Amino acid sequence: MIAAGCSGAAAPRSGPAVEPVGAVEPQTSTTPAALRADPDGAFVAVAAGFWHTCAIRADGAIECWGVNESGALDAPEGEFTALTAGDSHSCAIRADGAIECWGSDLLGRLEAPAGRFVAVSAGGEQTCARRDDGDVECWGGSELLTPPGGHFSAVAAGGGHACVLRDGGTVQCWGDNDAGQSEAPSGRFTDLAAGADHTCAVRADGPIQCWGSDFLGKAQPPDGRFTMVAAGIDHTCAVRADGTAQCWGSNAHGAATAPEGRFQTLSTGADHTCGLRADGSIQCWGRRFGAGADPPGGQFEALSAGGSHTCGLRADGSIQCWGSDLVGQMEAPAGRFEALATGNYFACGLSSEDAYVVCWGFDRFGVLDPPPGPFAAVTAGVGHACALGADGTVQCWGSNSHGQTDAPGGVFTAVSAGSSHTCGILTAGEVDCWGNPKVSPPGSFIAVAAGDRRTCGLQDSGIVTCWGADSHGRLGVPEGEYVAVSSEVHSCGLLTGGQVACWGWTEATPDGTFTAVEAGGGYACGLRPDATVECWGKLRAPPEGVTHTG
């Protein structure tokens with residue numbers, strides 16, 4: 001199927017769309033000189049991919065944010081006029097008409113043909129582009145996507161099919177047709193968009209017509225007159241004649257809940273949508289990739305990073321969270337807290353008033369119903385949490401799918417909840433783990449960090465040892481003497497000099513010193529000596545000029 005969000009966007013236009021720039025939403029790809037000269041760095045195009053989004057600034061430079069899977073955020077330098085984003089790759093047209101692609105090269109997605117192009121559209125696996133003479137050429141993906149001969153005014157690549165708009169306004173499609181997505185209706189159209197397994201187009205008189213799969217109502221457009229349309233995997237969005245945005249189909253993560261205001265163009269991903277506003281700013285809604293790595297300003301005393309959100313403890317005892325708020329995991333309660341812990345879709349805090357644990361977010365498996373305290377520490381995993389009592393006993397609650405909440409007897413000095421297991425340190429320094437994996441290495445430890453199918457422990461000598469699944473080198477700890485360790489999908493440790501070392505991923509670690517470090521889901525955050533937060537990793541926050549709701 002189409003990679004989440006196979007749509008791009010381009011500069012504002014007046015009149016019918018003639019040059020597609022998105023994977024599923026063709027429209028004008030030229031950038032007006034007035035916008036390109038904007039000294040404030042306004043955007044002129046936006047393209048939403050599966051886990052990433054890219055945009056062209058007024059000076060022609062590209063910025064990307066979200067998840068840097070396979071280099072999807074590593075946009076080339078230079079001046080560009082059109083842009084499109086697929087599942088894990090993107091392509092853009094340089095000022096001289098040449099196409100350059102980056103990201104995953106699976107099935108030859110990055111092997112763009114030579115020549116001068118005016119529009120480009122990335123689908124799930126393949127990419128199609130229109131030459132300056134109107135010819136269409138596709139690369140990557142299935143041989144079924146060999147375009148028909150002729151000259152066209154627009155092209156849109158979908159999940160396994162593609163469509164073109166002829167100069168006379170008729171639509172022709174080819175490729176996969178299991179849901180009827182290639183059975184284009186007759187009539188004249190001005191804009192078209194190819195989604196995963198459905199297609200939509202704007203008729204010459206303004207209404208939208210869709211064909212193919214109608215899963216979750218994505219092929220049932222509202223009445224009215226529109227100027228452009230964008231089709232994702234299970235939702236569709238369009239700009240009305242008055243410039244307002246409207247979406248229909250799946251509203252997972254709020255991707256179909258369009259905000260108020262006027263837009264020039266829209267771009268749909270799988271679970272998110274982005275629009276270019278009249279003032280050159282970008283508004284996105286739905287799932288926000290990279291949000292956990294976008295900390296607020298100010299000073300913090302402690303951090304805790306989860307799968308898609310991060311929480312910090314301020315000096316006054318209040319908790320502030322940032323990242324995805326799909327199920328309320330960022331809505332920390334008022335009050336003073338001594339400690340905090342973030343799980344996958346929830347978080348917990350240890351109250352300063354009575355040492356009881358308070359949790360918020362998604363209450364799956366009863367994880368928001370902790371036992372009564374008092375407690376000395378709290379830890380949160382994917383679907384369970386545990387707390388350390390003042391007497392050294394451990395109590396756990398939430399999912400027990402692998403026995404991760406079956407805390408053993410004994411007196412512990414520390415406890416850490418991972419994905420489907422929990423580990424604690426007994427008073428003699430031994431590590432005891434329960435759940436899956438149920439591995440307890442020999443030796444004496446002073447700290448333990450349970451992550452995703454692996455655990456790392458810190459010995460009093462400063463040596464960090466990791467055990468469990470070793471995919472992507474996640475057990476290969478860099479040499480050095482450590483004072484703290486954190487583990488999630490990857491792991492990070494704080495060296496005695498304050499430097500941070502991370503392993504199990506290839507992302508660069510920032511220079512300078514830190515006082516604490518937390519490994520999150522695809523990112524890491526650290527506390528600087530001045531108590532400010534800095535985050536880095538595969539997740540990249542949106543640049544200035546981009547706002548996000550949902």
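Given the structure is predicted, the values throughout are model-derived calculations rather than measurements.

Draft legend 1. Layout of the overall build of the protein. Across its full length, the protein holds one helix and 44 strands. Since a compact globule built from 550 residues should have a radius of gyration of about 24 Å, the 25 Å found for the protein is in line with a globular shape. Structurally, the protein occupies a C-alpha span of about 80 × 45 × 45 Å along its principal axes. When the 550 residues of the protein are sorted by exposure, 58% land in the buried category. Counted over contacts in the protein with a minimum sequence separation of 6, partners at least 24 positions apart contribute 45%. In the form shown here, the protein has an accessible surface area of approximately 19800 Å², with 48% of it arising from carbon and sulfur atoms. One way to put it: in the protein the 28 positive side-chain charges average out to a point 7 Å from where the 61 negative ones average out.

Draft legend 2. Expanded view of the sheet that holds strand E3 (residues 62–67). With antiparallel pairing, the four strands of this open sheet are ordered in space as E1-E2-E3-E43. Across the chains shown, the open sheet's two edge strands, defined by having one partner strand only, are strand E1 (43–48) and strand E43 (539–540). As paired strands, E3 and E43 are joined by two bridges and run antiparallel to one another. The residue of E43 that forms the bridge with Gly66 is Arg540.

Draft legend 3. Up close: the packing of aromatic side chains. Per the counting criterion, the structure on display carries eight aromatic pairs. Centre to centre, the rings of Phe412 and Trp434 are 5.9 Å apart; their planes meet at 65°, and the pair counts as edge-to-face. Remark: Trp434 occurs in strand E33 (residues 431–435) and Phe412 occurs in strand E31 (residues 412–417); sequence separation between them is 22 residues. Assessed through its relative accessible area of 4%, Trp434 is described here as buried.

Draft legend 4. Broad picture of the sheet that holds strand E15 (residues 208–212). One open sheet holds the three strands; their spatial order is E13-E14-E15, and the pairing between them is antiparallel. Looking at strand neighbours, the two that pair on one side only are strand E13 (189–194) and E15, the edges of this open sheet. On average, each strand axis in the sheet is tilted by 20° relative to the strand beside it, whichever way the strands run. In this sheet, strand E14 (residues 198–203) lies alongside E13 in antiparallel orientation, the contact comprising five bridges. By the bridge assignment for E14, Asp191 is matched with Val202.

Draft legend 5. Summary view of the pairing of strand E8 (residues 127–131). With five of five residues buried, E8 lies mostly within the body of the structure. Burial along E8 is two-sided: Thr127, Ala129 and Arg131 facing one way and Cys128 and Arg130 facing the other are all buried. Across five bridges, the pairing between strand E7 (residues 117–122) and E8 is antiparallel. Looking at the pairing, Phe117 lines up with Arg131 of E8. Taking the residues between adjacent antiparallel strands as the criterion, E7 and E8 are bridged by four residues. As judged from the four bridges shared by E8 and strand E9 (residues 136–139), these two strands associate in the antiparallel manner. Within E9, the residue paired with Thr127 across the bridge is Trp139.

Draft legend 6. Seen up close, the side chain of Thr455. Relative to the assigned elements, Thr455 resides in strand E35 (residues 454–458). With relative accessibility at 1%, the residue Thr455 sits in the buried group. At 2.7 Å, the side chain of Thr455 forms a polar contact with the side chain of His421. Once residues within four sequence positions are removed from consideration, Thr455 is found in contact with His421, Cys423, Val448, Ala449, Ala450, Thr465, Cys466 and Trp467.

Draft legend 7. Representation of the state of the cysteines within the structure. Taken as a whole and judged by the stated rule, the model has 14 disulfides. Through a disulfide, Cys311 is tied to Cys321; the S-S separation comes to 2.0 Å. On the S-S bond that ties Cys311 to Cys321, the torsion sits near 100°, and the link is right-handed. Of the two residues, Cys311 is situated in strand E23 (residues 309–313) and Cys321 in strand E24 (residues 319–323); the sequence distance between them amounts to 10 residues. Here Cys311 matches Cys321 in class, with each residue buried. One disulfide bridge connects Cys423 with Cys433, the sulfur atoms lying 2.0 Å from each other. Note on the Cys423 and Cys433 pair: the S-S dihedral is about 105°, so by sign convention the disulfide is right-handed. A residue pair is termed long-range when its members are at least 10 positions apart, and Cys423 in strand E32 (residues 421–426) and Cys433 in strand E33 qualify at 10 residues. Assigned by exposure class, Cys423 and Cys433 land together as buried.

Draft legend 8. Seen up close, the pattern of salt bridges. Taken as a whole and assessed by the stated rule, the structure comprises 11 salt bridges. A salt bridge links Lys538 to Glu69; the nearest nitrogen and oxygen atoms lie 3.9 Å apart. Of this pair, Lys538 sits in the loop between strand E42 (533–537) and E43 while Glu69 sits in the loop between E3 and strand E4 (80–85), and the two are 469 residues apart along the sequence. Close ionic contact of Lys218 with Asp197 constitutes a salt bridge, the shortest N to O distance being 2.5 Å. Taken as a pair, Lys218 in the loop between E15 and strand E16 (226–231) and Asp197 in the loop between E13 and E14 lie far apart in primary sequence, 21 residues in all.

Draft legend 9. Local environment of the environment of Ala339. By secondary structure assignment, the location of Ala339 is in strand E25 (residues 337–342). With sequence-adjacent residues up to four places away left out, Ala339 is seen in contact with Leu313, Cys348, Gly349 and Leu350.

Draft legend 10. Spotlight on the confidence of the model for the protein. Per-residue confidence for the protein gives a mean pLDDT of 89, with 90% of residues at or over 70. Counted against residues more than four places away or in other chains, residues 1–39, with its pLDDT under 50, gives 199 contacts.

Draft legend 11. Representation of unusual backbone geometry. The step from Gly373 to Pro374 runs through a cis peptide bond, and the omega angle for that step is 5°. Within the secondary structure layout, Pro374 lies in the loop between strand E27 (357–361) and strand E28 (375–380). A cis amide bond links Asn436 with the next residue in sequence, Pro437, at an omega value of 5°. Relative to the helices and strands, Pro437 resides in the loop between E33 and strand E34 (447–450). The phi angle at His253 is positive, at roughly 65°, despite the residue not being glycine.

Draft legend 12. Inspection of the pairing of strand E20 (residues 272–277) at higher detail. In terms of residue burial, E20 counts as a mostly covered element, since six of its six residues are buried. Judged by which residues are buried, E20 turns out to be covered on both faces: His272, Cys274 and Leu276 on one side and Thr273, Gly275 and Arg277 on the other are all buried. Pairing geometry for strand E19 (residues 263–268) and E20, over five bridges, is antiparallel. Directly across from Leu266, in E20, lies its bridge partner Gly275. Turn length for the E19-E20 hairpin, with the two strands adjacent in sequence and antiparallel, is three residues. Sheet topology note: the E20/strand E21 (residues 282–286) ladder contains five bridges and is antiparallel. Pairing of Leu276 across the sheet is with Ile282, part of E21. The turn linking E20 back onto E21 is made up of four residues, and Gly280 within it adopts a positive phi angle of 90°.

What counts and how
Residues numbered from 1 in each chain as written. Predicted model: local features only at pLDDT ≥ 70, side-chain atom pairs only at ≥ 80, totals over all residues. Heavy atoms only, no water. Helix = DSSP H or I, 4+ residues; strand = E, 2+ residues; numbered from the N terminus. Rg over C-alpha atoms; globule rule 2.2 N^0.38 Å. Buried < 20%, exposed > 50% of the residue type's maximum accessible area, 1.4 Å probe, protein only. Contact = heavy atoms within 4.5 Å. Areas by Shrake-Rupley, 256 points an atom, 1.4 Å probe, with all protein chains shown as cover. Lys, Arg positive; Asp, Glu negative; His and termini not counted. Charge placed at Lys NZ, Arg CZ, Asp CG, Glu CD. Pairing = 2+ DSSP bridges. Phe/Tyr/Trp six-rings, centres within 6.5 Å; stacked < 30°, edge-to-face > 60°. Axes fitted to C-alpha atoms, helices over the stretch in contact; angles between N-to-C directions. Polar contact = N/O pair within 3.5 Å; in protein donor to acceptor, adjacent residues only side chain to side chain. Disulfide = S-S within 2.5 Å. Salt bridge = Lys/Arg side-chain N within 4 Å of Asp/Glu carboxyl O. pLDDT = per-residue confidence, 0-100.

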